[in-house]
Amino acid sequence: MRVCFTLRVRPDRLDEYRARHREVWPEMLAALREAGWRNYSLFLAGDGLLVGYLECDDFDAALAGMARTGVNARWQAEMAEFFVGDGNADERMRPLDEVFHLD
């Protein structure tokens, strides 16, 4: 399945957010793959709108797989300050409805 979601990054943290994602920890990348996240991309607009896209077999299972890892807990704790709102990003991801797809 294809999943697209949005989040909001604090406008004053955009440069640092980009920098952090140029150096994602190797163990975080491995955990994402092991949890079934494929073809995962993040897109960031100048106003802080973050759009994520991934492919997986089951989004709830992919989220749950990451929630069971220590590396994800550490990453979420470090990244929480970048986002508008409370809680970690994984808990606020909600898939958007796909209204069109060209294969």
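Let us look at the structure shown here. On a predicted model such as this, the values are computed, not experimentally measured, just so you know. (Residues numbered from 1 in each chain as written. Predicted model: local features only at pLDDT ≥ 70, side-chain atom pairs only at ≥ 80, totals over all residues. Heavy atoms only, no water.)

### Some words on the pairing of strand 1 (residues 2-8)
The side chains of a regular strand alternate, residue by residue, between the two faces of the sheet. Going residue by residue along strand 1, you find Val-3, Phe-5 and Leu-7 tucked away on one face and Arg-2, Cys-4, Thr-6 and Arg-8 left uncovered on the opposite face. Pairing between strand 1 and strand 3 (residues 49-55): seven bridges, direction antiparallel. Bridge pairing in strand 3 places Arg-2 opposite Glu-55. (Buried < 20%, exposed > 50% of the residue type's maximum accessible area, 1.4 Å probe, protein only. Helix = DSSP H or I, 4+ residues; strand = E, 2+ residues; numbered from the N terminus. Pairing = 2+ DSSP bridges.)

### So, unusual backbone geometry
Phi at Asn-39 is positive, roughly 50 degrees, even though this residue is not glycine. Locating Asn-39 in the fold gives a position in strand 2 (residues 38-44). You can call Asn-39 partly exposed: its relative accessible area is 48%.

### A closer look at helix 2 (residues 26-34)
Within helix 2, burial applies to Met-28, Ala-31 and Leu-32. When helix 2 is viewed along its axis, its buried side chains cluster within an angular range of 100 degrees and face the same direction. Those residues of helix 2 that are exposed and aimed more than 90 degrees away from the buried face are Pro-26, Arg-33 and Glu-34. Among the structural elements, strand 2, helix 3 (59-67) and helix 4 (70-79) are those in contact with the buried residues of helix 2. (Arc of directions from axis to C-beta. Contact = heavy atoms within 4.5 Å.)

### So, the layout of surface pockets
Looking at the largest pocket, its volume works out to about 380 Å³. If you go around the largest pocket, you meet 23 residues; those closest to its centre are His-21, Leu-32, Tyr-40, Leu-42 and Trp-75. Broken down by secondary-structure element, the contributors of at least two residues to the lining of the largest pocket are strand 1, helix 1 (14-22), helix 2, strand 2, helix 4 and helix 5 (89-92). The residue inventory of the lining of the largest pocket, partitioned by class, reads 17 nonpolar, four polar and two charged. Approximately 180 Å³ is the volume attributed to the second largest pocket. Taken together, Arg-2, Val-3, Cys-4, Tyr-53, Leu-96, Asp-97, Glu-98, Val-99, Phe-100 and His-101 make up the full set of residues lining the second largest pocket. Examining the composition of the lining of the second largest pocket, we find that three residues originate from one element, strand 1, more than from any other. Of the residues in the lining of the second largest pocket, the class split is six nonpolar, one polar and three charged. (1 Å grid on protein atoms, 1.4 Å probe; cavity = no way out; pocket = protein on both sides within 12 Å on 5 of 7 lines; lining within 4 Å. Points joined across faces, edges and corners; volume = space filled by probe spheres on them. Nonpolar A, V, L, I, M, F, W, Y, C, P; charged D, E, K, R; others polar.)

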